[in-house]
Amino acid sequence: MSSVLEHLVNQPYQHGFVTDIEAETAPRGLNEDIIRLISAKKHEPEWLLELRLKAYRHWLTMAEPGWPNVKYPKIDFQNVIYYSAPKPKKLKSMDEVDPELLRTFEKLGVPMNERAALAGVAVDVIFDSVSVATTYKQKLAEVGVIFCSISEAVRDHPDLVRKYLGTVVPPGDNYYAALNSAVFTDGSFCFIPKGVKCPMELSTYFRINTQESGQFERTLIIAEEGASVSYLEGCTAPKFDSNQLHAAVVELVALDDADIKYSTVQNWYAGNEQGVGGIYNFVTKRGLCKGANSKISWTQVETGSAITWKYPSCVLLGDNSIGEFYSVALTNHHQQADTGTKMVHIGRNTRSRIISKGISAGQSNNSYRGLVKIGARAEGARNFSQCDSMLIGTKCGANTFPYIQVHNNSAKVEHEATTSKIGEDQLFYLAQRGIGAEEAVSMIINGFCRDVFQQLPMEFAVEATKLLGLKLEGSVG
Amino acid sequence: MTRADAKVLLEVKGLHANVAGVEILKGIDLVVRAGEVHAIMGPNGSGKSTFAKALAGHPAYEVTAGTATFEGRNIFDMAAEERARAGLFLGFQYPLEIPGVSNAAFLRLAYNTVQGARGKDELDPLEFDDYVREKMKLLEMDASFLDRSVNDGFSGGEKKRNEILQMALLEPRLAILDETDSGLDIDALRVVSGGVNRLLTRDNAVVLVTHYQRLLNYIVPDYVHVMEGGRIIKTGGRELAVELEARGYDWLKGKVAA
């Protein structure tokens, strides 16, 4: 690899800083008492504590998955902090938010109050596991949309939460989902009632702040009959040396004719150039197209984390329902990503579309892993998958692991895959037209990712382009 | 259009260059003045394309001896993009594909970068659209070229037209066209060479790298150079190309070996 290219892909992480806010922190380790503490801190009803304890007891019987194509030292779950919260404050408006927190967002380029107002985005800010500000709640309430932290939802809308929580990702679904179900501290809750088109894009900015505090977010989004919503999740984290475990669970439920679009830009700290530190991002995201003609679309731009283990999936239960997965996963230095999707076709004439773009640089390892399953009753089901990999340099790796299981003869499943390389010749061609290496790499990468970026909401697409720029070059083309 | 008093654009002296440790260029001398058309001919493997790429600054080509100046500046002190901005253009034998990037976006970025480097105004997308469409008429290119990804899925002829379109936009002082005629049918050859001819002025120059004298029926050279074994072994006028067409390259080899 040319030295210019080497230099470009090795720009340091630019969001590394720590906000000093006093945290109320649980002792390290996990046992039933810690779970009772979390539940008590949140004034939860008995049924939720029972759910947590059940999940915990199940988790104790489970083993960490060994099949992902990633390597990391064994996690000491007794050395993790499972609860940490800023000192409770009563906030009447955004003005009362800790100025230091606001400055943090400034540094991230997310002046959230202005941004929220200008862009018409309601931002439910998750800051170290507890929501400290919720905006536009009023406006949403006028049309009956509920958008709040899951703790508030448990308190204010217990029946809704109880009806849907754990129905898409059961507490014992997998190792990390079970852990999350036992200890989740906060997250977002959205409910879009029958026939309502959510009047604005809903957005959450996540940020992990306390050193070595595990983050166990729980998100639940429900779109009733004919409802639609677009949800944006953006993440970034300060720089730390020790690994941080993040095991979130996101559940989506779409009833008849409902439409949920879930977009993520993830830029958590990836560790340093030697592979020390960085977030372990072990996430379970799944959407259930429960009703006929429903649609769930996942779009993700994954650029951060030391390890990503994540398969946003769709269970296509309702007839004619549609699942989509659009993904860009970029790894650099020693990052490892094993990410993809599962499309489970159960209903008739269900359709799914998978577009995955993996970019590997440095000594990183990037795997696509995807399952397309067509059930016996899924007459006329169709799937199209395209998995493209791009390599930058010679020390990185890219893998594609497609799993296809078809139990219905009328199904049509297509899979396409390509691998390409940003080479000296491509950069020379652009240089010969006056275009410098930074802009050239940016242009090639953005072209490669175009099919995915087109799926993102406008301002998010800009942010995604910017992130890829930061990760690979330090400037945007 | 050769004039002895014309400004020297390119002056190459004793150029040696390696590719992967193997010496390919073994001492090349060449002077190109404003207003001139040069043709470099020679059999496969004689070093023609290597010479073109070394001048343009391809990182895989290591210059081991000799000098080259472009308008008086030592080009080996300049990165490839600086040479391009200074007005040295290479038309590629195999233009590269950039999937997902629209030709319009690519052309505009190239145009604005070069304009900016020359202290001239950049164009916004709308202004550029008008400008590029004018240039495309020159090459009888359809407007759909703008929306397609750069060279992606282009036929050989389309790629070559796209190269000359870039030349038209960037207005180089010196254009080195590497095998621009290969893969062109007779109609495309007429259009492409017509485009090149219209871009020629008394202030710029073109170096054509080609196997065949066919191209030289359309773009008439002032000088024809024959390369063999990494050297220019013979230089003549247009009639040399005609003679090569008739007799091949072999008759030169024994004569000039030195």
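Quick notes on the rules
- Residues numbered from 1 in each chain as written.
- Chains lettered and ligands numbered in written order.
- Predicted model: local features only at pLDDT ≥ 70, side-chain atom pairs only at ≥ 80, totals over all residues.
- Helix = DSSP H or I, 4+ residues; strand = E, 2+ residues; numbered from the N terminus.
- Rg over C-alpha atoms; globule rule 2.2 N^0.38 Å.
- Buried ≥ 20, exposed ≤ 12 C-beta atoms within 10 Å, placed from the backbone.
- Contact = placed C-beta atoms within 7 Å.
- Axes fitted to C-alpha atoms, helices over the stretch in contact; angles between N-to-C directions.
- Parallel < 35°, antiparallel > 145°, perpendicular 65-115°, else oblique.
- Left-handed = near helix turned anticlockwise from the far one by under 90°.
- Nonpolar A, V, L, I, M, F, W, Y, C, P; charged D, E, K, R; others polar.
- Pairing = 2+ DSSP bridges.

**Considering the overall build of chain B**
Of regular secondary structure, chain B possesses eight helices and 12 strands. Against the globule reference of 18 Å for 258 residues, chain B gives a C-alpha radius of gyration of 18 Å, in line with a compact fold. In terms of overall dimensions, chain B has a C-alpha envelope of 55 × 40 × 40 Å along the principal axes. Looking at chain B residue by residue over its 258 residues, the buried ones come to 44%. Here the analysis covers contacts within chain B between residues at least 6 apart in sequence; of these, 71% occur between residues at least 24 apart.

**Brief notes about the packing of helix α2 (residues 32–41) of chain A against helix α3 (residues 46–60) of chain A**
Residues and elements named next belong to chain A. At a minimum axis separation of 10 Å, α2 and α3 run at an interaxial angle of 150°. As the angle between them shows, α2 and α3 are arranged roughly antiparallel. Between α2 and α3 lies a crossing of right-handed hand. Packed against α2, whose contacting residues are Glu 32, Ile 35, Arg 36 and Ser 39, the element α3 presents Leu 48, Leu 49, Arg 52, Leu 53 and Tyr 56 at the interface. Class assignment for the residues of the contact of α2 with α3 results in five nonpolar, one polar and three charged.

**A word on the interface of chain B and chain A**
In this assembly, 24 residues from chain B lie in contact with 18 residues from chain A. Taken together, the elements giving at least two residues each to the side of chain B that touches chain A come down to α2 (80–86), β7 (98–102), α3 (103–117) and α5 (156–170) of chain B. Of all the elements, α3 of chain B adds the most residues to the side of chain B that touches chain A, at five residues. Among the residues making up the side of chain B that touches chain A, the classes are represented as 17 nonpolar, five polar and two charged.

**Concerning helix α9 (residues 175–183) of chain A**
Taken across its nine residues, α9 of chain A has eight buried, putting it largely inside the fold. Buried residues along α9 of chain A sit against α2, α3, β8 (218–223), β11 (249–254) and β13 (278–289) of chain A.

**Notes on the sheet that holds strand β6 (residues 88–91) of chain B**
Strands in a sheet are paired, the pairing made by backbone hydrogen bonds, and the direction either parallel or antiparallel. Residue and element names in this part refer to chain B. Strand order across the open sheet formed by six strands is β6-β9-β10-β3-β11-β12, with mixed pairing between neighbours. For this open sheet the edge positions go to β6 and β12 (231–236), each flanked by a neighbour on one side alone. Sheet twist, expressed as the mean angle between neighbouring strand axes with direction ignored, is 20°. Pairing of strand β11 (residues 223–228) with β12 involves five bridges; the strand directions are antiparallel. Residue pairing for β12: His 225 is matched across the bridge by Thr 235. Contacting β6 and β9 (174–178), α5 runs over the sheet at an angle of about 170° to β6. Set on the sheet, helix α7 (residues 238–247) makes contact with β3 (37–41), β11 and β12; between it and β11 the angle comes to about 45°.

**As for the sheet that holds strand β4 (residues 61–70) of chain B**
Residues and elements named next belong to chain B. The strand order across the open sheet formed by four strands is β2-β1-β4-β5, and the pairing between neighbours is antiparallel. Where the open sheet ends on each side, the last strands, each with one partner, are β2 (22–33) and β5 (73–74). In this sheet, β2 lies alongside strand β1 (residues 8–19) in antiparallel orientation, the contact comprising nine bridges. What sits directly across from His 16, in β2, is Lys 26.

**Structural notes on unusual backbone geometry**
Residue and element names in this part refer to chain B. Of note in the backbone geometry, Ala 20 takes a positive phi value of approximately 50° without being a glycine. By the secondary structure assignment, Ala 20 is in the loop between β1 and β2. Note on Ala 20: 8 C-beta atoms within 10 Å, which makes it exposed. Phi at Glu 171 takes a positive value of approximately 45°, unusual for a residue other than glycine. Among the structural elements, Glu 171 can be located in the loop between α5 and β9.

**Remarks on the pairing of strand β16 (residues 313–316) of chain A**
Residues and elements named next belong to chain A. The two faces of β16 match: Ser 313 and Val 315 on one face and Cys 314 and Leu 316 on the other face are all buried. By the bridge criterion, four bridges tie β13 to β16 in an arrangement that is parallel. Bridge pairing in β16 places Cys 289 opposite Leu 316.

**Examining the packing of α5 of chain B against helix α6 (residues 186–199) of chain B**
Relative placement of two packed helices is described by the angle separating their axes and the distance separating the axes. Residues and elements named next belong to chain B. As a packed pair, α5 and α6 sit with axes 10 Å apart at the nearest point and diverge in direction by 10°. The angle between α5 and α6 places the two elements in the roughly parallel class. Only Ala 188, Val 192, Gly 195, Val 196 and Leu 199 of α6 make contact with α5, whose side of the interface consists of Gly 157, Lys 160, Arg 161, Ile 164, Met 167 and Ala 168. For the contact of α5 with α6, a count of residues per class yields seven nonpolar, two polar and two charged.

**Let's talk about the environment of Glu 245 of chain B**
Residue and element names in this part refer to chain B. Looking at where Glu 245 falls in the secondary structure, it is placed in helix α7. Classification of Glu 245 as partly exposed rests on a count of 14 C-beta atoms within 10 Å. Distance in space between the C-alpha atoms of Glu 245 and Tyr 212 is 7.4 Å, their sequence separation being 33 residues.

**A word on the environment of Glu 233 of chain A**
Its location among the elements puts Glu 233 of chain A in strand β9 (residues 228–236). What makes Glu 233 of chain A buried here is the crowd of 23 C-beta atoms within 10 Å.

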